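The residues making up each chain are set out below.
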Amino acid sequence: MITCAAPIAQYQSHKAEIDHAIARVLASGMYVLGPEVEALEADFAAYIGTRYAVGVANGTDALELALAALDIGPGDEVITVSHTAVATVAAILRSGAMPVLVDIDEDYFSIDPTALERSITPNTKAVIAVHIYGQPADLDAITEICSRHDVTLIEDVAQAHGSRYKGRRLGTFGTIACFSCYPTKNLGAIGDGGLVTTNDEALQQKISMMREYGSVSYTHLR
């Protein structure tokens, strides 16, 4: 079996720095959110090029929270590409909305804009464009279609942290973008994690509250 990810090697290459960071968190007694997460959110938003980033439990939660923050649920349709991880579709189903799967662009394996346009109905509330294998979807065509039909664009950037489309990093084109930090991803966690990026302050505040049962902040103190 061939693999492109080596979490143990990644850890060993930065072992001293990682061990020190873990020890710092353990000594602080703040095991949920706290200043370490706030620092990650600020750094990640600056790196991607958005106003906000919100740390969440994993990439699936990022998608679920994005849909919930946009008030998408039963009776709504969310279009996405048929060639994606199960988490993309699972998040739509858990929101109560109906996933609508469309075919791929055969050159890059991302959503085919022509198939996307054909699939839009009056019930379509959002499109989740998946940037797969580090490659961006055709964002010029997709953003134009979404704008013309008044449909919200969500980016699934789980496999493409740091990739660019015409000079802009992925995660800056949609109303919301969702990232996974599963250990084998470009930005892998020791365990699991995820991030949501947005330029919308109201959405940032809503997602920040929903990730912790409606609380603005929560920390586990010693």
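Above this text you will find the structure in question.
Residues numbered from 1 in each chain as written. Predicted model: local features only at pLDDT ≥ 70, side-chain atom pairs only at ≥ 80, totals over all residues. Heavy atoms only, no water.

**With respect to the environment of Ala46**
By the secondary structure assignment, Ala46 is in helix H3 (residues 35-48). Residue classification places Ala46 among the exposed positions, given a relative accessible area of 63%. Distance in space between the C-alpha atoms of Ala46 and Ala23 is 26 Å, their sequence separation being 23 residues. (Helix = DSSP H or I, 4+ residues; strand = E, 2+ residues; numbered from the N terminus. Buried < 20%, exposed > 50% of the residue type's maximum accessible area, 1.4 Å probe, protein only.)

**Structural notes on the packing of helix H4 (residues 59-69) against helix H8 (residues 201-210)**
For any two helices packed against each other, one specifies the crossing angle of their axes together with the interaxial distance. One can describe the packing of H4 onto H8 by two numbers: an axis separation of 10 Å at closest approach and a directional angle of 125 degrees. Classed by the angle they form, the pair H4 and H8 counts as oblique. Crossing hand, H4 versus H8: right-handed. Within the contact between the two elements, H4 uses Leu65, Ala68 and Ala69 and H8 uses Leu203, Lys206, Ile207 and Met210. (Axes fitted to C-alpha atoms, helices over the stretch in contact; angles between N-to-C directions. Parallel < 35°, antiparallel > 145°, perpendicular 65-115°, else oblique. Left-handed = near helix turned anticlockwise from the far one by under 90°. Contact = heavy atoms within 4.5 Å.)

**With respect to the environment of Glu36**
Position of Glu36 among the secondary structure elements: in helix H3. Judged by relative accessible area, Glu36 falls into the partly exposed class, the value being 35%. Spatially, the C-alpha atoms of Glu36 and Lys185 are 20 Å apart, while their sequence positions differ by 149 residues. The residues contacting Glu36, other than those within four sequence positions of it, are Arg24 and Val25. Here Arg24 takes part through its side chain, which lies 2.7 Å from a polar atom of the side chain of Glu36. (Polar contact = N/O pair within 3.5 Å; in protein donor to acceptor, adjacent residues only side chain to side chain.)

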